[in-house]
Amino acid sequence: MLQQVLQTYGLDFSALEVKSFGSGLINNTWKVSRYDNDTSYILQRINHHVFKSPEDIAHNIRIIGSYLAEHHPDYFFVRNLYTSDGADIFFMEGEGYFRLVPFVKKSHTVDVVQTPQQAFEAAKQFGRFTHLLNGFPVDELKVTIPDFHNLSLRYQQFLQSLQSGNSLRIEKAKEEINWLKAYDYIVKRFDAMKQNPDFKLRVTHHDTKISNVLFNEQDKGLCVIDLDTVMPGYFISDVGDMMRTCLSPVSEEEKDFSKIEIREEYYKAIVQGYLEGMENELSAAEKAAFFDAACYLVYMQALRFIADHLNNDEYYGARYEGHNFIRGCNQITLLKRLLEKEDRLRSIV
């Protein structure tokens, strides 16, 4: 299968070394290296169960790349390579959609943020990406995952799970369910934000874990990568997801909730990095919503995990009994830690 795909890109399979690459959970990824020189590529198979229209992803990357090449030619942007037939995405019957991009020499990614400086560099790159595309016609972008960060919809899905979910699980999760319902003001605040004209619809990455930034050998940010979820959105999606994944020293998989904390130095680094990358693009109302951005994304993920647990793990699946319940409680704890520091964190901005 890989031999046929790579031949479509004009590459001789016998002259290549192909190895699985990276830690991504959605797409299959391989590093492809030539024996005859030091050229390498990244080959990916797009998960069309998650991304229903991979052609839309290719469309978005294509038009964003063209805009940046014309208006910001100095920006380092990793574009899809073309097949022998001139296509920037390849479909193989029975196997799915593939794309090939250059491997960037002397670059690396970071799976888990280690320092505030790394968080600063990543936030700066996400902010810069959106800033440079400020003049881009956002309505020309395809929506690759509808309602991806729609907190209102996620809350309604949570409420539906209370009606149609596993009754035994609902009973055992009563305390967590009541807590989430008690904090539904976060949804109301989110709905009010979307109606506020001071919040601009922008080109937004939507998946701002630190592994989606390329760093150079000096640990400085080069560019953002993995643009599958680039869609029209609000800045709160990018800032909020960075905070959700970077503020605590432990991940959403941690079972010992006493290890969950909010590291203020990382919060400050994300705020400073994003503001520097965005320059003067954000309105006063947007700047005031950095803390809310963190709450939106953490609350949304708590809702999604708990709802999936009540729905017998039909979306995320589970590696052990109660997996999504633990992850939901983890995110509830993270949100509690955030709210405990609300005044302090808002003052940082």
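Up top is the structure.
Given the structure is predicted, the values throughout are model-derived calculations rather than measurements. (Residues numbered from 1 in each chain as written. Predicted model: local features only at pLDDT ≥ 70, side-chain atom pairs only at ≥ 80, totals over all residues. Heavy atoms only, no water.)

Engineer: What am I meant to see in the nonpolar core here?
Structural biologist: Nonpolar side chains tend to gather and get buried jointly when the protein is soluble and globular. Counting 96 residues, the largest nonpolar core has Ile64 and Phe129 as its most contacted members. Element by element, the count of residues in this core is highest for helix α11 (residues 290-310), at 15 residues. With residues near it in sequence (within four places) discarded, Ile64 still touches Phe77, Phe129, Leu133, Phe136, Leu141, Val203 and Val230. Of all hydrophobic cores here, the second largest spans 14 residues; its members include Leu2, Met92, Phe98 and Leu100. (Core = buried A, V, L, I, M, F, W, Y, C linked by side-chain atoms within 4.5 Å. Buried < 20%, exposed > 50% of the residue type's maximum accessible area, 1.4 Å probe, protein only. Helix = DSSP H or I, 4+ residues; strand = E, 2+ residues; numbered from the N terminus. Contact = heavy atoms within 4.5 Å.)

Engineer: How do you make sense of helix α4 (residues 151-164) when you look at a structure like this?
Structural biologist: For an α-helix, the turn length of 3.6 residues means that residues three or four places apart are oriented alike. With 14 residues, α4 ought to run about 20 Å at 1.5 Å a step, and its terminal C-alpha atoms sit 20 Å apart, in line with that. Listed in full, the buried residues belonging to α4 are Leu151, Ser152, Arg154, Tyr155, Phe158, Ser161 and Leu162. Structurally, α4 contributes buried residues whose contacts are with α5 (167-172), α6 (174-182), α7 (185-195) and α11. Taking the backbone nitrogen of Ser152 as reference, a side-chain oxygen 3.2 Å away marks Asn150 as the first, capping residue of α4. (Expected span 1.5 Å × (residues − 1). Polar contact = N/O pair within 3.5 Å; in protein donor to acceptor, adjacent residues only side chain to side chain.)

Engineer: What am I meant to see in the packing of aromatic side chains here?
Structural biologist: The relation between two aromatic rings is expressed through the spacing of the ring centres and the mutual angle of the planes. Scanning all chains against the criterion turns up 12 aromatic pairs. Ring plane angle 90 degrees and centroid distance 5.4 Å describe the contact between Tyr67 and Phe136, whose orientation is recorded as edge-to-face. One end of the pair, Tyr67, is in helix α2 (residues 54-71); the other, Phe136, is in the loop between α3 (116-132) and α4, and 69 residues separate them in sequence. Phe136 gets classed as buried once you look at its relative accessible area, which sits at 7%. (Phe/Tyr/Trp six-rings, centres within 6.5 Å; stacked < 30°, edge-to-face > 60°.)

Engineer: What should I look at first to understand the side chain of Gln118 in this one?
Structural biologist: One can find Gln118 in helix α3. Classification of Gln118 as buried rests on a relative accessible area of 7%. Side-chain polar atoms of Gln118 contact the backbone nitrogen of Gln114, separated by 2.7 Å. Apart from the residues within four sequence positions on either side, Gln118 is in contact with Val110, Val112, Val113, Ile210, Phe215 and Asp219.

Engineer: Would you mind going over helix α9 (residues 264-278) with me for this structure?
Structural biologist: The terminal C-alpha atoms of α9 lie 21 Å apart, and with 15 residues this matches the ideal 21 Å at 1.5 Å per residue to within 8%. Among all positions in α9, only Tyr266, Tyr267, Ala269, Ile270, Val271, Gly273, Tyr274, Gly277 and Met278 are buried. In this fold, the buried residues of α9 make contact with α3, β6 (202-204), α8 (235-246), α11 and α13 (342-348). The first or second residue beyond α9 is Glu279, which carries a positive phi of 55 degrees.

Engineer: I'm lost on the packing of α6 against helix α12 (residues 323-340) in this one. Help?
Structural biologist: Between two packed helices, what matters for the description is the angle formed by their axes and the separation of those axes. Relative to each other, α6 and α12 sit at 40 degrees, their axes nearing to 11 Å. When the axes of α6 and α12 are compared, the pair comes out oblique. The two elements α6 and α12 meet at a crossing, and its hand is left-handed. Contacts between α6 and α12 involve Glu176, Trp179 and Leu180 from the first element and Phe325, Cys329, Ile332, Leu335 and Lys336 from the second. Of the residues assigned to the contact of α6 with α12, the class counts are 6 nonpolar, no polar and 2 charged. (Axes fitted to C-alpha atoms, helices over the stretch in contact; angles between N-to-C directions. Parallel < 35°, antiparallel > 145°, perpendicular 65-115°, else oblique. Left-handed = near helix turned anticlockwise from the far one by under 90°. Nonpolar A, V, L, I, M, F, W, Y, C, P; charged D, E, K, R; others polar.)

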